[in-house]
Amino acid sequence: MRGPLPLSDRDFAAVRAEVLRRIERPRRARAAEWVVLAASVVLAVLSIVAARVPAAAPARDPHYAVAVIPSVAVMPSVARDPEVRVARRPPVRVRHKHEPAPVAFARMEIRTADPDVRIIWITN
Amino acid sequence: MMATERRVATLAWRILGDAEEVKEALQETFLRLYRHLGTYDERQDFTGWLYRIAVNVCRDLDRRRRRRTFFGLFREETAPPPPAGLRIDLARAIDALPPKERLAILLRDVEELSTEEVAEILGNSPATVRVQISKAREKLRRWLS
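Residues numbered from 1 in each chain as written. Chains lettered and ligands numbered in written order. Predicted model: local features only at pLDDT ≥ 70, side-chain atom pairs only at ≥ 80, totals over all residues. Heavy atoms only, no water.

Trainee: Honestly, the overall build of chain A in this entry has me stumped. Any pointers?
Mentor: Helix and strand counts for chain A stand at one helix and three strands. From first element to last, N terminus to C terminus, chain A shows the α and β order α-β-β-β. Looking at chain A residue by residue over its 124 residues, the buried ones come to 13%. At a minimum sequence separation of 6, the contacts of chain A that also span at least 24 residues come to 43%. If you sum the accessible surface of chain A, you get close to 10,300 Å²; carbon and sulfur atoms cover 63% of it. (Helix = DSSP H or I, 4+ residues; strand = E, 2+ residues; numbered from the N terminus. Buried < 20%, exposed > 50% of the residue type's maximum accessible area, 1.4 Å probe, protein only. Contact = heavy atoms within 4.5 Å. Areas by Shrake-Rupley, 256 points an atom, 1.4 Å probe, with all protein chains shown as cover.)

What follows is the structure in structure tokens.
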């Protein structure tokens, strides 16, 4: 009706080769897509984690302050001024005969880089 | 496999009439066959299923070609009859048929499939296919006489 089919064996072979190539290509592309997707997910998770972690305070040496509670006077356990802790000599006091020997104990307070964290060490 | 290739190519040639489009149709048919192999029901006839894919591919290519041409933009569903008084061959006459009638007559009278097979391939009822074939034959008779 139209005449014979104008395709040769070579044309059919070329069509077959192209079909196979296009079948193979999506498989490789799909594997690459999975790798890219996985990498994107990892990056996204890391970004979220990094955004949530508070910015670290500038590194400073921990501030050590030692407050020695004197053996004769009872020092309050809470400093009057929590921001400033300075080691100082206890005032000299005259002891009377009937006064019991005071218990000596030491209180060491260490302030760290984080202002909310303080290490208080009390020992006798 | 090669015999199947040739059958599909011959069908595409009769529908499309262009060698490059036939190669494209052949490629696309076998790609779709591969992609939809999982949906193939073994109870149905494989050739009929393959033909259905091939016909749909040819329809898509034909539609795309018609859209590309300026005349195709204003083309009505029923193509105008070929000029009277001119001697035309059967292929051109069939080309002038509306797409649905053209496919029906190609599959029924040229590919020699049964009406039921044609109906299944085209996704129509056998009664609709009979009506389409009848109209197509009437037009061809008129044009070729």
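Moving on, there is more to tell.
Trainee: Could you clarify how one ought to interpret the interface of chain A and chain B in this entry?
Mentor: Often, the extent of an interface is quoted as the loss of accessible area upon association of its parts. Listed by partner, the interface residues are 17 residues for chain A and 25 residues for chain B. Of the roughly 2,000 Å² buried where chain A meets chain B, counting both sides, 66% is carbon and sulfur surface. In this assembly, chain A and chain B are joined by four salt bridges. Salt-bridge contacts for Lys23(B) lead to Asp11(A); the nearest nitrogen and oxygen are separated by 3.7 Å. (Buried area = accessible area lost by both parts, 1.4 Å probe. Salt bridge = Lys/Arg side-chain N within 4 Å of Asp/Glu carboxyl O.)

Trainee: For this particular structure, what's the right way to read the environment of Trp143(B)?
Mentor: The topology assignment puts Trp143(B) in helix α8 (residues 126-144). Counting along the chain gives 54 residues from Trp143(B) to Asp89(B), while the straight-line C-alpha distance between them is 9.7 Å.

Trainee: Teacher, can you tell me more about unusual backbone geometry here?
Mentor: Negative phi is the rule for most residues except glycine; trans is the rule for most peptide bonds. All names here are of chain B. Even without glycine at this site, Glu 112 takes up a positive phi of about 60°. Structurally, Glu 112 can be placed in the loop between α6 (99-110) and α7 (115-122). A residue is classified by how much of its surface remains accessible, and Glu 112, at 67% relative accessible area, is exposed.

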